[in-house]
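# Per-entry structural report
This is what each chain is made of:
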Amino acid sequence: MTATLAGNTTAAPQDVGRPSRTRLRGGVLRSMRHNGKAMIGAALLAFFCVVALVPQWFTSISDPNKRAFELSLHPSAQHWLGTTAFGQDIYAQLVYGTRETLEIALIVGVVSTLLSVAFGVTAAYLGGIGDDALSLITDVFLVIPTFPLIIVIAAYVGKGSLSVVIVVLIITGWSYGARQLRAQTLSLRNRDFLEAARVRGERPLYVIVVEMLPTMTSLIIANFLGAAVFAVLTAAGLQFIGLGDPSSLSWGTMLHWAESSEALQTGQEWWAIAPGLCVALLGAAFALLNYAFDEISNPALRPVRRRHVKRARVRNT
């Protein structure tokens, strides 16, 4: 009897205050299904992923850079968006340019999020000198301006290659998420289920990865989506002003060549409008998902909750 009680006493603290991972995962998925922003954003992102993976499904042209057509043709059945001033099919370039644009967004989003987690969560959990040192690094990177930095790099490296653009976007894109995750970690650091893990003698890495991070899933995903939005819009802007690789094929370089060839003034408006619209739609997809996960992780932002509050106020009056 005494052994049984002792055994129960030892096991109980392991689960004190610890959220169920299955419940967390199911709650996130259920919230997404009932969130209009999440569904629209997911549908747009899924469409662009399919276009990036299998562009052959959307155009029969295998080499979008090949100058095989008449110059500056208007939209027609053969060329849905017309041709460029160099004799290239605009629609084919738009389709094939999806891959590089999406690659930038996903790579920058994933790496920036990993750095945000590594610096933000670790700093807050360690506390003391470790927190001060990591927070100082975060603050330094938080104030680095993106455009001047990449202009300086481009001056020394030459025209910015895809890898240069990605590295600069990662360097300037992780610190804001780290600051958010640090604040969230500080609110969780002394929760009962984490104290129980420390009492069991678990290592800090185990506590952070296994016990703490699953409770921050929504915030981590929201940080990834925010970094992806930043990457899409900033990369397109950098490529548009000529700081990317002009020989690469992306929506940003399409905008660059359209502006250089004065597309809007010469009746080739779709050369500029189509990639600009796609950049806006992909950015909107990530932004909508980001707003949705903000609402999922913060109940105060949910429209349904606001309606319930409004009804309660009406009843009270």
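Residues numbered from 1 in each chain as written. Predicted model: local features only at pLDDT ≥ 70, side-chain atom pairs only at ≥ 80, totals over all residues. Heavy atoms only, no water.

## A word on the overall build of the protein
Rules: The secondary structure listing takes helices from DSSP runs of H or I that are at least 4 residues long and strands from runs of E that are at least 2 residues long, numbered from the N terminus. Type-normalised accessible area, obtained with a 1.4 Å probe on protein chains alone, sets the label of each residue: buried when under 20%, exposed when over 50%, and partly exposed for intermediate values. Contact between two residues is taken to exist if any of their heavy atoms lie within 4.5 Å; hydrogens are not considered. Computed by Shrake-Rupley with a 1.4 Å probe, the accessible areas treat only the displayed protein chains as cover when residues are assessed.
On a plain count of helices and strands, the protein comes out with 14 helices and zero strands. Its helices and strands in sequence order give the protein the pattern α-α-α-α-α-α-α-α-α-α-α-α-α-α, from N to C terminus. Considering the protein as a whole, with its 317 residues, one finds that 42% of them fall into the buried category. At a minimum sequence separation of 6, the contacts of the protein that also span at least 24 residues come to 70%. Carbon and sulfur atoms make up 64% of the accessible area of the protein, which totals about 16,800 Å².

## What about the confidence of the model for the protein?
We apply this condition: What pLDDT reports is the predictor's confidence in each residue, on a scale of 0 through 100.
For the protein, per-residue confidence averages 80 on the pLDDT scale, and 81% of positions sit at 70 or higher. This model gives residues 1–17 a pLDDT under 50, and the stretch forms seven contacts once residues within four places in sequence are excluded. In this model, residues 304–309 is a region of pLDDT below 50 whose contacts with residues beyond four sequence positions or in other chains number three contacts.

## Topic: empty space enclosed by the protein
Note the following rule: Think of a 1 Å grid over just the protein atoms. A cavity is a set of points where a 1.4 Å probe fits yet cannot get out, a pocket is an open set with protein on both sides within 12 Å along at least five of seven lines, and lining residues have an atom within 4 Å of a point. Grid points are joined across faces, edges and corners, and a volume is the space filled by probe spheres set on the points. Just so you know the grouping, Ala, Val, Leu, Ile, Met, Phe, Trp, Tyr, Cys and Pro go in nonpolar, Asp, Glu, Lys and Arg go in charged, and all remaining residues, Gly too, go in polar.
Applying the stated rule across the entire model yields three cavities of 30 Å³ or more. Quantified by volume, the largest cavity comes out at close to 50 Å³. Residue lining of the largest cavity: 13 residues in total, with Leu-73, Pro-75, Leu-81, Gly-267 and Gln-268 positioned closest to the centre. Top contributing element to the lining of the largest cavity by residue count: helix 13 (residues 269–297), with three residues. Considered class by class, the residues forming the lining of the largest cavity number six nonpolar, six polar and one charged.

## Description of helix 3 (residues 36–53)
Operational definition: The length a helix should cover is 1.5 Å for every residue beyond the first. By definition, the arc is the one covered by directions from the helix axis to the C-beta atoms.
Taking 1.5 Å per residue, 18 residues should reach 26 Å; helix 3 reaches 26 Å between its end C-alpha atoms and fits that length. Residues of helix 3 that are buried: Ala-38, Gly-41, Leu-45, Phe-48, Val-51 and Ala-52. Taken end-on, helix 3 shows its buried residues confined to a sector of 160°, consistent with a single buried face.

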